[in-house]
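Structural description and commentary
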Amino acid sequence: MSGETKQRISELEAEIARLKEAQPTLRDQFAMAALTGILSDPELNQPMHHLVKIAYNYADAMLEARDAKG
């Protein structure tokens with residue numbers, strides 16, 4: 001294998017690793033779902049950073065429930 005080929009393979013492996021890290025985790029997906037529900041409240045009057053924390057609290061609770069099902 002040529003040096004150029006090895007370099008290209010290395011670059012592609014690095015790109016694959018970067019893309020894998022960019023994927024939302026299950027916790028992120030749960031938080032996104034929770035935030036969607038939270039934001040559907042027309043009377044909502046909270047700072048966004050507070051709402052995001054609440055969404056992740058819901059996500060953490062969902063993960064705990066998921067792990068405890070066994």
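On a predicted model such as this, the values are computed, not experimentally measured, just so you know. Within each chain, residues carry numbers counting from 1 in the order of the written sequence. Predicted model: local features are reported for residues with pLDDT of at least 70 only, side-chain atom pairs are reported and counted for 80 or more only, and whole-chain, interface and lining totals are derived from all residues. To obtain the side-chain values, all non-hydrogen atoms of the structure were used and water was disregarded.

1. Comments concerning a nonpolar patch on the surface
This is how the line gets drawn: The patches described consist of residues with a relative accessible area above 30% and no salt bridge, like charges being joined within 9 Å and nonpolar side chains (Val, Leu, Ile, Met, Phe, Trp, Tyr) within 5 Å. Shrake-Rupley sampling with a 1.4 Å probe provides the accessible areas, and residues are treated as covered by the protein chains on show and by no other component. Salt bridges are defined as contacts in which a side-chain nitrogen from Lys or Arg sits within 4 Å of a carboxyl oxygen from Asp or Glu. Strands here mean DSSP runs of E at least two residues long; helices mean DSSP runs of H or I at least four residues long; both are numbered from the N terminus. Burial classification: accessible surface area is computed with a 1.4 Å probe over protein chains only, and a residue below 20% of its type maximum counts as buried, one above 50% as exposed, and the rest as partly exposed.
Residues Leu39, Met48 and Val52 make up a contiguous nonpolar surface patch of about 240 Å² in total accessible area. Its place among the elements puts methionine 48 in helix α3 (residues 48–68). Residue classification places methionine 48 among the partly exposed residues on the basis of a relative accessible area of 47%.

2. Some thoughts on the pattern of salt bridges
Counted by the stated rule, this structure contains three salt bridges. Two residues, arginine 18 and glutamate 15, come together in a salt bridge whose shortest N-O distance is 2.7 Å. Here arginine 18 pairs with glutamate 15, and both are found in helix α1 (residues 3–22), just three residues apart, close to one helical turn. Its relative accessible area of 45% is what places arginine 18 among the partly exposed residues. When its relative accessible area of 33% is taken as the criterion, glutamate 15 is described as partly exposed.

3. Here we look at the nonpolar core
How we decide: The criterion is simple. A nonpolar core is a set of buried Ala, Val, Leu, Ile, Met, Phe, Trp, Tyr and Cys residues joined through side-chain atoms within 4.5 Å. For this analysis, residues touch if any pair of their heavy atoms sits within 4.5 Å.
With seven residues, the main nonpolar core is built from Ala31, Ala34, Leu35, Ile38, Leu51, Ala55 and Ala59. Contributions of two or more residues to this core are made by α2 (26–39) and α3. Ranked by residue count, the leading element in this core is α2, at four residues. Once residues within four sequence positions are removed from consideration, isoleucine 38 is found in contact with Leu44, Leu51, Ile54, Ala55 and Tyr58.

4. Points about the environment of leucine 26
Within the fold, leucine 26 resides in helix α2. On the accessibility criterion, leucine 26 (32% relative accessible area) is partly exposed. Separated by 24 residues in sequence, leucine 26 and histidine 50 place their C-alpha atoms 21 Å apart. In contact with leucine 26, other than residues within four places in its own chain, are Leu63 and Arg66.

5. A word on α2
Condition: Here the expected length of a helix is defined as 1.5 Å per residue gap, with one fewer gap than residues. Working note: the arc is built from the helix axis to C-beta atom directions.
For α2, with 14 residues, the first-to-last C-alpha span of 20 Å sits near the 20 Å given by 1.5 Å per residue. Among the residues making up α2, those that are buried are Ala31, Ala34, Leu35 and Ile38. Taken down its axis, α2 places every buried residue within 105° of arc, on the same side. Looking at the buried side of α2, the elements it contacts are α3.

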